[in-house]
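Overview (structure and organization)
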Amino acid sequence: MPEMLTTEGRFARCKFRSWHRGTREADYMIGGFFDRYHAEWGEEELAWFEALLEEDDVDIMAWALKTQPTPPRFQGELIEKMQKLDYVDIPR
């Protein structure tokens, strides 16, 4: 039987998964997006992000950079916020 996570547990898992993607660029883009916006999310937005995290980093980054078309299932307000990239704070 699959483990059932609370909403708090789901957010914690998303935070970890968004900041441990495998490349620094993906971490900043996906993790930064999570940090900036997750406090505003309800169930629908959280489910969207969980589904997004299942995708390959190169695809997510291409959608965010608009170098590839975003699949219909991910189109909408959240990907549009990600595409602004105004939430990425690169430490120097």
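Our structure's up above, just so we're on the same page.
By convention here, each chain's residues receive numbers from 1 onward along its written sequence. Only residues with pLDDT of at least 70 get local features here, since the model is predicted, and only at 80 or more are side-chain atom pairs given and counted; chain-wide, interface and lining totals rely on the full set of residues. To get the side-chain values, take all heavy atoms of the structure and skip hydrogens and water.

Before going further, it helps to spend a moment on the overall build of the chain. Counting from the N terminus, the helices are the DSSP runs of H or I reaching at least four residues and the strands are the DSSP runs of E reaching at least two. Scanning the chain from N- to C-terminus turns up 5 helices and 0 strands. Each helix (α) and strand (β) of the chain, taken in turn from the N terminus, gives the series α-α-α-α-α. Throughout, radius of gyration means the C-alpha value; the globule benchmark is 2.2 Å times the number of residues raised to the power 0.38. Taken against the 2.2 N^0.38 rule, which gives 12 Å for 92 residues, the C-alpha radius of gyration of the chain at 13 Å falls within 12% of a compact globule. Dimensions of the chain, computed from the C-alpha atoms along their principal axes, are close to 40 × 35 × 25 Å. When the 92 residues of the chain are sorted by exposure, 40% land in the buried category. A simple rule labels every residue: compare its accessible area, found with a 1.4 Å probe on the protein chains alone, to the largest value its type can have, and call it buried under 20%, exposed over 50%, or partly exposed in between.

This next bit is on helix H3 (residues 43-53). All of the buried residues along H3 are Leu46, Trp48, Phe49, Leu52 and Leu53. The buried residues of H3 occupy one face: seen down the axis, they fall within an arc of 160 degrees. Packing partners of the buried residues in H3 comprise helix H1 (7-19), helix H2 (24-37), helix H4 (57-64) and helix H5 (77-84). Regarding the arc, it is the one traced by the directions from the helix axis to the C-beta atoms. In this analysis, two residues are considered to be in contact whenever any of their non-hydrogen atoms come within 4.5 Å of each other.

Among the buried residues, those of types Ala, Val, Leu, Ile, Met, Phe, Trp, Tyr and Cys that are joined through side-chain atoms within 4.5 Å form a nonpolar core. Judged by nonpolar contacts, the single largest core of 23 residues is most densely connected at Phe33, Trp41, Trp48, Phe49, Leu52 and Met82. Looking at this core, the elements that each hand over two or more residues are H1, H2, H3, H4 and H5. A total of 6 residues in this core trace back to one element, the largest contributor, which is H2. Excluding residues within four positions of it along the chain, Phe49 makes contact with Cys14, Ser18, Ile30, Phe33, Phe34 and Trp41.

Now for the layout of surface pockets. Both site types are read off a 1 Å grid over the protein atoms alone. A 1.4 Å probe that fits but cannot get out defines a cavity, while an open set with protein on both sides within 12 Å along at least five of seven lines defines a pocket; lining residues have an atom within 4 Å of a point. Grid points are joined across faces, edges and corners, and a volume is the space filled by probe spheres set on the points. Taken as a whole, the largest pocket holds about 200 Å³ of empty space. Together, Glu40, Trp41, Glu44, Glu45, Trp48, Phe74, Gln75, Gly76, Glu77, Leu78, Ile79 and Lys81 line the largest pocket. Of all elements in the fold, only H3 and H5 reach the threshold of two or more residues within the lining of the largest pocket. Partitioned by chemical class, the residues of the lining of the largest pocket number 5 nonpolar, 2 polar and 5 charged. Gly is placed with the polar residues, together with every amino acid not listed as nonpolar (Ala, Val, Leu, Ile, Met, Phe, Trp, Tyr, Cys and Pro) or charged (Asp, Glu, Lys and Arg).

Turning to the side chain of Arg21, a few remarks are in order. Relative to the assigned elements, Arg21 resides in the loop between H1 and H2. The term polar contact refers here to a pair of N or O atoms within 3.5 Å; inside protein, the definition further demands a hydrogen-donor-capable atom paired with an acceptor-capable atom, and it admits residues adjacent in sequence only when both atoms are side-chain atoms. Within the structure, the side chain of Arg21 is placed 2.7 Å from the side chain of Asp57, a separation counted as a polar contact. Not counting residues up to four positions away in its chain, the partners in contact with Arg21 are Ala26, Asp27, Ile30, Leu53, Glu55, Asp57 and Ile60.

Before going further, it helps to examine the pattern of salt bridges. Basic side-chain nitrogens of Lys or Arg form a salt bridge, by our definition, when they fall within 4 Å of a carboxyl oxygen of Asp or Glu. Under the defined criterion, the tally for this structure stands at 9 salt bridges. With its nearest N and O atoms 3.1 Å apart, the salt bridge here joins Lys15 to Asp35. With Lys15 in helix H1 and Asp35 in helix H2, the pair connects residues that are 20 residues apart, well separated along the chain. Residue class for Lys15 comes out partly exposed when judged on its relative accessible area of 41%. The exposure class of Asp35 is partly exposed, given its relative accessible area of 35%. For Arg73, the salt bridge is made with Glu55, and the minimal N-O distance between the two is 3.0 Å. Separated by 18 residues along the polypeptide, Arg73 in the loop between H4 and H5 and Glu55 in the loop between H3 and H4 bring together distant segments of the chain.

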